[in-house]
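So you can see what is in the structure, the chains are spelled out below.
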Amino acid sequence: SFTDPAVSMDLLRAVLQPSINEEIRGVFNKYMKFFQKAAINVRDNVGEEVDPEQLIQETCRSCLEQAKLLFSDGKKVVPRLPHEQAVPKRARQMDEELNRRGSPVPKKRKGRPPGQSLLNDRGVSGMAAWKLKVSEPVRRDGPKWDPSRLTETTTFVLGSRANKALGMGGTRGRLYIKHPHLFKYAADPQDKHWLAEQQHMRATGGKMAYLLIEEDIRDLAASDDYRDSVDLRLEELKPFIPPAWMTEKMQKHMETLRRGGDAPPPEGPPE
């Protein structure tokens, strides 16, 4: 009964949309293992501030934006997402070349088909393949999160040394992911200058450096998870006492986190 072509077609689209959405979801589930591996790798390298689920959702949206080019009339240009402006030229050329061929999917190679994801191997199906499990919120209360415990005699250790001491030296950021309840402080340029001057660390430029409370790491080392580990190397800790002005900054940082505030954005990759 409608004479407007656009309205007629949109009515048909509305009827078919649920089926289309379901098939699109199935396509993304085939490639979800790649997105998950990449997102978890980013979190391992950067720290638990990274939300893998958010990264995956943004990547899926970006895929859908690029897929619009398959139906471009040659005049309308699909706007790129802000972060895509920084994508290397070679990557953009590959994107455009694949779209010109009519399909964003490279030729299939012999071996395991994309559909056999790690999620299927583990017996997870349905919606679990679409969304990562949401982690429990980090609790920041109790005596360990009382800023008054940080005094001018409190000893700290570098996050990189704590990783080595607990046998995690080969995976940057693993300590922060496994124990998100730990207090950690991201050293700013002024802090890093002092740390380098005192030879606690090398001059790292934009590299991230975290400070942890030595007592917290020793408590972990004495726990059931670590005390019998052959990889335990507490001599790697090399604790130190920071100057009063740095301790005061850490007290304020702890108070901010305890009240539910956000940590400042990292300046670079973790040590």
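The protein chain is annotated in an unreviewed UniProt entry as Deoxynucleotidyltransferase terminal-interacting protein 1 of Mesembrinibis cayennensis. We quote the UniProt Subcellular location (unreviewed entry) comment for the protein chain here in full: "Nucleus". Regarding the protein chain, the relevant UniProt record gives this comment under Function (unreviewed entry): "Increases DNTT terminal deoxynucleotidyltransferase activity (in vitro). Also acts as a transcriptional regulator, binding to the consensus sequence 5'-GNTGCATG-3' following an AT-tract. Associates with RAB20 promoter and positively regulates its transcription. Binds DNA and nucleosomes; may recruit HDAC1 complexes to nucleosomes or naked DNA."

**Student:** Lay out the sheet that holds strand β1 (residues 156-158) with the relevant residues and their values.
**Tutor:** The three strands are arranged β1-β3-β2 in an open sheet whose pairing can be described as antiparallel. Of all the strands in the sheet, just β1 and β2 (184-186) have a single pairing partner and so form its edges. Going from strand to strand, the sheet's axes swing by 30 degrees on average, the running direction of each strand aside. The pairing of β2 with strand β3 (residues 210-213) spans three bridges and is classified as antiparallel. Paired with Tyr185 across the strands is Leu211, a residue of β3. The sheet contacts of helix α8 (residues 214-221) involve β1 and β3, and relative to β3 the element is tilted by about 65 degrees. Against the sheet, helix α9 (residues 244-258) contacts β1, β2 and β3, and its axis sits at roughly 115 degrees relative to β2.

**Student:** Kindly report on the confidence of the model for the protein chain, identifying the contributing residues and their values.
**Tutor:** Looking at the protein chain, the pLDDT average stands at 75 and 68% of residues meet or exceed 70. Within the model, pLDDT remains below 50 along residues 81-86, and this stretch shows five contacts once partners closer than five positions in the same chain are excluded. In this model residues 103-135 is a low-confidence stretch, pLDDT under 50, and it forms 39 contacts with partners more than four residues away in sequence or in other chains.

**Student:** Before we move on, can you summarise α9 with the specific residues and values?
**Tutor:** Counted at 1.5 Å a residue, the expected span for α9 with its 15 residues is 21 Å, and the 21 Å between its end C-alpha atoms agrees. Within the sequence span of α9, burial applies to Met246, Thr247, Met250, His253, Met254, Glu255 and Leu257. Buried residues belonging to α9 abut β1, β2, α7 (189-197) and β3. One or two residues past the end of α9 sits Gly260, with phi positive at roughly 95 degrees.

**Student:** Any chance you could break down the environment of Phe240 for me, citing the residues and the numbers?
**Tutor:** Here Phe240 lies in the loop between α8 and α9. On the basis of relative accessibility, which here comes to 5%, the residue Phe240 falls in the buried class. For the pair Phe240 and Thr155, spaced 85 residues apart in the sequence, the C-alpha separation amounts to 5.2 Å. In contact with Phe240, other than residues within four places in its own chain, are Thr154, Thr155, Phe156, Val157, Leu158, Trp194, Leu195, His200 and Leu211.

**Student:** Lay out the nonpolar core in plain terms, naming residues and giving numbers.
**Tutor:** In terms of nonpolar packing, the biggest core is built from 18 residues, with Leu150, Phe156, Phe183, Leu195, Leu211, Phe240 and Met250 touching the most fellow members. Mapped by element, the contributors of at least two residues to this core are β1, α7, β3 and α9. Considering every element that reaches this core, the biggest residue donor is α9, with four residues. Setting aside chain neighbours within four positions, we find Leu195 in contact with Leu158, Ala187, His200, Met201, Leu211 and Phe240.

**Student:** If you had to explain the pattern of salt bridges to someone new, which residues and values would you point to?
**Tutor:** When their charged atoms lie close together, side chains carrying opposite charge are able to pair. Overall, the coordinates contain 14 salt bridges when judged by the stated rule. Here Asp188 and Lys249 are joined by a salt bridge, their closest N and O atoms 2.7 Å apart. Here the residue Asp188 occupies a position in the loop between β2 and α7, and Lys249 occupies one in helix α9, the gap between them amounting to 61 residues. Between Lys252 and Glu248 there is a salt bridge whose closest N-O contact spans 3.7 Å. Note that Lys252 and Glu248 are positioned in helix α9 at a spacing of four residues, about one turn of the helix. Overall, the relative accessible area of 55% leaves Lys252 in the exposed class.

**Student:** Break down the environment of Leu158 for me, citing the residues and quoting the values.
**Tutor:** Take Leu158: it is sitting in strand β1. The class for Leu158 is buried, based on a relative accessible area of 5%. Along the sequence, Leu158 and Lys238 sit 80 residues apart, while their C-alpha atoms lie 8.3 Å from each other.

**Student:** Talk me through a nonpolar patch on the surface; I want residue IDs and the actual numbers.
**Tutor:** A cluster of nonpolar side chains, contributed by Met9, Leu12, Val15, Leu16, Ile20, Ile24 and Leu64, occupies part of the molecular surface with about 620 Å² of accessible area. Taking relative accessible area as the criterion, Leu16 reaches 41% and is therefore assigned partly exposed.

What counts and what doesn't
Residues numbered from 1 in each chain as written. Predicted model: local features only at pLDDT ≥ 70, side-chain atom pairs only at ≥ 80, totals over all residues. Heavy atoms only, no water. UniProt positions renumbered as here; feature names shortened; annotations may be inferred. Pairing = 2+ DSSP bridges. Helix = DSSP H or I, 4+ residues; strand = E, 2+ residues; numbered from the N terminus. Axes fitted to C-alpha atoms, helices over the stretch in contact; angles between N-to-C directions. Contact = heavy atoms within 4.5 Å. pLDDT = per-residue confidence, 0-100. Expected span 1.5 Å × (residues − 1). Buried < 20%, exposed > 50% of the residue type's maximum accessible area, 1.4 Å probe, protein only. Core = buried A, V, L, I, M, F, W, Y, C linked by side-chain atoms within 4.5 Å. Salt bridge = Lys/Arg side-chain N within 4 Å of Asp/Glu carboxyl O. Patch = residues over 30% accessible without salt bridge, like charges linked within 9 Å, V, L, I, M, F, W, Y side chains within 5 Å. Areas by Shrake-Rupley, 256 points an atom, 1.4 Å probe, with all protein chains shown as cover.

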